[in-house]
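Remarks on the overall topology
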4 protein chains.
Amino acid sequence: MRILLSNDDGVFAPGLESLHEAIKQVAEVTVVAPDRNLSGASSALTLTNPLRVQQHKNGFYSVNGTPTDCVHLAINQLMPEPPDMVVAGINHGANLGDDTFYSGTVSAAAEGRHLGLPAIAMSLVSKSEDNMHAAALVAQKIVKHLQANPLASDRILNVNVPDLPYDQIRGFEVTRLGRRHKAEVMTKEQDPWGRDIYWYGKLGKELDAGVGTDFHAVSNGNVSITPLSIDMTAYSSMDSVASWVDKIK
Amino acid sequence: MRILLSNDDGVFAPGLESLHEAIKQVAEVTVVAPDRNLSGASSALTLTNPLRVQQHKNGFYSVNGTPTDCVHLAINQLMPEPPDMVVAGINHGANLGDDTFYSGTVSAAAEGRHLGLPAIAMSLVSKSEDNMHAAALVAQKIVKHLQANPLASDRILNVNVPDLPYDQIRGFEVTRLGRRHKAEVMTKEQDPWGRDIYWYGKLGKELDAGVGTDFHAVSNGNVSITPLSIDMTAYSSMDSVASWVDKIK
Amino acid sequence: MRILLSNDDGVFAPGLESLHEAIKQVAEVTVVAPDRNLSGASSALTLTNPLRVQQHKNGFYSVNGTPTDCVHLAINQLMPEPPDMVVAGINHGANLGDDTFYSGTVSAAAEGRHLGLPAIAMSLVSKSEDNMHAAALVAQKIVKHLQANPLASDRILNVNVPDLPYDQIRGFEVTRLGRRHKAEVMTKEQDPWGRDIYWYGKLGKELDAGVGTDFHAVSNGNVSITPLSIDMTAYSSMDSVASWVDKIK
Amino acid sequence: MRILLSNDDGVFAPGLESLHEAIKQVAEVTVVAPDRNLSGASSALTLTNPLRVQQHKNGFYSVNGTPTDCVHLAINQLMPEPPDMVVAGINHGANLGDDTFYSGTVSAAAEGRHLGLPAIAMSLVSKSEDNMHAAALVAQKIVKHLQANPLASDRILNVNVPDLPYDQIRGFEVTRLGRRHKAEVMTKEQDPWGRDIYWYGKLGKELDAGVGTDFHAVSNGNVSITPLSIDMTAYSSMDSVASWVDKIK
């Protein structure tokens, strides 16, 4: 089995290295990742400039683009044969609830899915790297399971691992995405020349983090696994919108 | 009613100007858009650099960032009072099916939604600007309807207008997102110095474009309105994933 | 006479507009400038990505590149016939002494020179725009002089205008470049996520600002005009280097 | 002796590695280089965004900025004590004649000079890496000479090494900068979506490449050493400009 690895923290991120160590033991791996930290890249495509590739001494490829670019380019051009699965991460920090919408890690997985492949997004709910090995082991176990029991072709698994050594992880839980409060307001500062600049604020606190959510799972020591779909259609709203649209024109 | 307008084609795009002309007749408007063409930006956030704002002679603000940055910054910092609605577009070209996942226009709307506001993404299914006025009129009519009949707070309307004069538009149709085939393979070229570069290929052709889809609506002369949700949880897959996750560890 | 105008503060900078107002009265003008503020761009070339051009309602062209890119592209591609002169500015702030090495304004002029044209770099020694009109008038007068008395083909005039109304300017003085002290140390800060970031510090104070220098001229109310050469050869050091090089191998 | 190494081809360029191998044998070295290929960066400063630093496994630091940023940041912030010299390169390709004005390699050296240090810019006149070792040996020999015989504090040595094995290099020659013809016209192409894009053309052929120039030296199998000054004042033009400036106002 061939597996494509990518991430959004950049080709030199320790989380990618840990993931590579763990997955190369169970599959043939190719690593294609952004040459810079692209956290927050969502599914951005680089359309106005061409992409360039560089191979590093460890065999990893870096691309001057986004996580989505990396996966798209890897599958279209860099890999002699397409992979059987895409695994993205291990993200330094959670991708819970609304984070998934902005996450380059989830988007790297989503791009694998767009190109017809099962895909996993791996995140460690910590900014420390102490338990990266545990998260890598989780990734390896999920990959091994999916090797024997393939994932439905139109699904992504969004996996968040609590900040614990592997043997202290309580279990694995299927979850739905929770919700955060809005991000803290942006900060307005001045650059050294007195011009106004704005920075994003910290992530919002949990808003919907009850039983069944990804927030709840990891805060209780469980690995959270949320199956994601990329069909954004709000089917449940179709009738109510239908009730008025034909009156507009 | 205060309405925030944005787009992903950039602050000087004719589609934004047309939208502004139409919406300022029915609401108080503020325009905050990227200073460059950011098509394909998805919901990318600019996290590693600060944002800067410039106001132009027509009153529009431009930001050196993504559509999501623009909406976030507008609501957090630039507008003295938050808007009541976000309208993004009018995109030069369709945002149908899988496009929505990558579209900066849809993402600008989605960011309004994240911040608690009803939001509309407007696109004209054409690369010509001939019928931009018709699309602007559609936007105006939908906004007027929603002024009287508010949209549920967690919904985005993704609106695609067929490339027709307004009086030739057949009607308005609620749709689900269709699907495209995978994009054509990337092209590999060489820059003037003989180094390999890669460009994205053209959009894929329709794959799922049957009755009920957005593709079908616009190809039949209807305005397509797809309600979107940003909860990516694949609820229908939760049971099947639950059947195996507890055996992994 | 056709004159190409450019700058490094970006296509919307008031200094460019003032320059345009003044020069269009004495020549046929084309304006091609960066779409963003590129202060400090030096003679950087955009080599890894292609350039794109946009024309604005006022007829100005903007380019997603550096000042050097703008001048190069204007002369090579955008102008039906090559210009007779390049005028860059009016820079918001001085380009004195060592500044010239980093200045995108001076570099825009230098690129005109590289392409065989006489060139002028205009700067107002102020961050306020109050006396921009005076600087524009200075530019106009110099251009008119050079129309009648052409500048030697391999020279750039670096012009700095003191922050005074035109009638309070004492006179025009030919100067040599002075020298600044090293820039203040860079500041080390943390971004909102606690990661180290570094910003350049303020410009250094004058080090060599005696009689005859550009610093001295403007601080005494004179317009400073420094003829610049782009041949960096240190002729006066050739002998001393020659004394040892043949012993190395 | 502490030596700072940098370049413009990026932190992973083989030329930087060769230079590091050669210089670490004769001095204590620190390497700080751009994280991407910044050829053509000239002395551009990154002023609108902050800089970030990453240390790699081989001990090299990369910066998300220009060669000038790297040298400035290294000396101001990264090195506990300032270096005694800056050596930039080994550039993959010549920096002869007018190239020096645009070269990020020469600019990295020039920034060392601005900060008060003797500096050397090293280039191999080849796009192949076959003789990189020879160029590294040349660098080492020049550094060793300067360790015993310091360079005047306001000089940069611009060194171009012919594409030969070390033992076939004829000798070392002090040169002045020659001149190239203007670069070939830019190419106008279309991106995959039919929009106009422009690329720089190839370097111009030699225009002034006679005896005494850097072009002549390397084409005759000699290492070219050109002492550079960063004082751009055209002293020889001061009188002629003086003859008219006081009549302008």
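Before reading on, note that the structure itself is shown above.
First, a word on what this report is: a plain description of the structure on this page. Bear in mind that the values here come from a model prediction, so they are computed numbers and not experimental data. (Residues numbered from 1 in each chain as written. Chains lettered and ligands numbered in written order. Predicted model: local features only at pLDDT ≥ 70, side-chain atom pairs only at ≥ 80, totals over all residues. Heavy atoms only, no water.)

Some thoughts on the relation of the copies chain A and chain B
Relative to chain B, chain A is turned by 180 degrees and slid 0.0 Å along the rotation axis, the superposed coordinates differing by an RMSD of 0.0 Å. Given the turn and translation reported, the copies of this chain are related as if by a two-fold rotation axis. (Least-squares fit on C-alpha atoms with pLDDT ≥ 70 in both.)

Details of the sheet that holds strand S13 (residues 222-228) of chain D
Reading across from one edge, S3-S4-S2-S1-S5-S6-S7-S13-S8 (chain D) is the order of the 9 strands in this open sheet, with mixed pairing throughout. Two strands close off the open sheet at either side, each with one partner strand: strand S3 (53-55) and strand S8 (171-174) of chain D. Strand-to-strand twist of the sheet, defined as the mean angle between neighbouring strand axes without regard to direction, takes the value 25 degrees. Pairing of strand S1 (residues 2-6) of chain D with strand S5 (residues 85-92) of chain D involves 4 bridges; the strand directions are parallel. Note that in S5(D) the partner of Ser6(D) across the bridge is Ala88(D). Packing of helix H7 (residues 238-248) of chain C onto the sheet brings it into contact with strand S7 (156-161), S8 and S13 of chain D, and relative to S8(D) it is tilted by some 180 degrees. Taken strand by strand, helix H5 (residues 132-148) of chain D contacts S1, S5, strand S6 (119-124), S7, S8 and S13 of chain D, and its axis lies near 160 degrees from that of S6(D). (Pairing = 2+ DSSP bridges. Helix = DSSP H or I, 4+ residues; strand = E, 2+ residues; numbered from the N terminus. Axes fitted to C-alpha atoms, helices over the stretch in contact; angles between N-to-C directions. Contact = heavy atoms within 4.5 Å.)

Examining the packing of aromatic side chains
Residue and element names in this part refer to chain D. Applying the stated criterion across every chain yields a total of 10 aromatic pairs over all chains. On the basis of an interplanar angle of 85 degrees and a centroid distance of 6.0 Å, the ring pair of Phe101 and Tyr102 is categorised as edge-to-face. Summarising the burial analysis for this pair, Phe101 and Tyr102 share the class buried. (Phe/Tyr/Trp six-rings, centres within 6.5 Å; stacked < 30°, edge-to-face > 60°. Buried < 20%, exposed > 50% of the residue type's maximum accessible area, 1.4 Å probe, protein only.)

Structural notes on the pattern of salt bridges
Under the definition given, this model contains 40 salt bridges over all chains. Note that Arg52(B) is salt-bridged to Asp191(A), the shortest N-O span being 2.9 Å. Of the two residues, Arg52(B) is situated in the loop between strand S2 (28-34) and strand S3 (53-55) and Asp191(A) in the loop between strand S10 (187-190) and strand S11 (196-199); the pairing between them involves two chains. Linked by salt bridges that have partners in common, Arg52(A), Asp191(B) and Arg195(B) make up one network. (Salt bridge = Lys/Arg side-chain N within 4 Å of Asp/Glu carboxyl O.)

Concerning helix H4 (residues 104-114) of chain C
Residues and elements named next belong to chain C. In terms of burial, H4 is a largely internal element, 11 of the 11 residues being buried. Among the residues of H4, Gly104, Thr105, Val106, Ser107, Ala108, Ala109, Ala110, Glu111, Gly112, Arg113 and His114 are the ones counted as buried. Residue Ser103 occupies the N-cap position of H4, its side-chain oxygen lying 3.0 Å from the main-chain nitrogen of Thr105. Of the residues trailing H4, Gly116 is marked for its positive phi of about 95 degrees. (Polar contact = N/O pair within 3.5 Å; in protein donor to acceptor, adjacent residues only side chain to side chain.)

Overview of unusual backbone geometry
Here the bond from Gly89(A) into Ile90(A) is cis, since omega is -10 degrees, no more than 30 degrees from zero. Structurally, Ile90(A) is set in strand S5 (residues 85-92). Despite not being glycine, Ser42(B) has its phi angle at roughly 50 degrees, a positive value. Secondary-structure assignment places Ser42(B) in the loop between S2 and S3. Assessed through its relative accessible area of 2%, Ser42(B) is described here as buried.

Some thoughts on the interface of chain C and chain A
Facing 15 residues of chain C, the contacting portion of chain A comprises 15 residues. Carbon and sulfur atoms supply 55% of the area that chain C and chain A bury against each other, a total of about 1200 Å² over both sides. The largest share of the area that chain C buries against chain A comes from Pro192(C), Trp193(C) and Trp199(C), three residues that together contribute 38% of it. Here chain C is connected to chain A by 0 salt bridges. The interface formed by chain C and chain A includes 2 residue pairs in polar contact (both at pLDDT 80 or more). (Buried area = accessible area lost by both parts, 1.4 Å probe.)

A few points about the packing of helix H1 (residues 14-23) of chain A against helix H5 (residues 132-148) of chain A
Residue and element names in this part refer to chain A. At a minimum axis distance of 8 Å, the contact between H1 and H5 shows a crossing angle of 45 degrees. Judged on the interaxial angle alone, H5 and H1 are oblique. Crossing of H1 over H5 shows right-handed handedness. Touching Pro14, Gly15, Ser18, Leu19, Ala22 and Ile23 of H1 are Met132, Ala136, Ala139, Gln140 and Val143, all from H5. Among the residues forming the contact of H1 with H5, the class breakdown is 8 nonpolar, 3 polar and no charged. (Parallel < 35°, antiparallel > 145°, perpendicular 65-115°, else oblique. Left-handed = near helix turned anticlockwise from the far one by under 90°. Nonpolar A, V, L, I, M, F, W, Y, C, P; charged D, E, K, R; others polar.)

A few points about the environment of Arg36(B)
Tracing the backbone through its elements, the reader meets Arg36(B) in the loop between S2 and S3. Given a relative accessible area of 27%, Arg36(B) falls into the partly exposed group. Separated by 25 residues in the primary sequence, Arg36(B) and Val11(B) place their C-alpha atoms 7.1 Å from one another. Non-local contacts of Arg36(B), meaning those with residues more than four positions away in its chain, are made with Asp8(B), Asp9(B), Gly10(B), Asp35(C), Arg36(C) and Asn64(C).

Things to note about empty space enclosed by the protein
Applying the stated criterion across every chain yields a total of 3 cavities of 30 Å³ or more. Of the pockets and cavities examined, the largest cavity occupies roughly 110 Å³. In terms of lining residues, the largest cavity is bounded by 17 residues, among which Ser42(C), Ser43(C), Phe101(C), Ser42(D) and Phe101(D) are the most central. At the level of secondary structure, the elements contributing two or more residues to the lining of the largest cavity comprise helix H3 (99-102) and H4 of chain C together with helix H3 (99-102) and helix H4 (104-114) of chain D. Here the second largest cavity defines a volume of roughly 90 Å³. In terms of lining residues, the second largest cavity is bounded by 14 residues, among which Ser42(A), Ser43(A), Phe101(A), Ser42(B) and Phe101(B) are the most central. Of all the secondary structure elements, the ones that give two or more residues to the lining of the second largest cavity are helix H3 (99-102) and helix H4 (104-114) of chain A together with helix H3 (99-102) and helix H4 (104-114) of chain B. Tallied by class, the residues present in the lining of the second largest cavity amount to 6 nonpolar, 8 polar and no charged. (1 Å grid on protein atoms, 1.4 Å probe; cavity = no way out; pocket = protein on both sides within 12 Å on 5 of 7 lines; lining within 4 Å. Points joined across faces, edges and corners; volume = space filled by probe spheres on them.)

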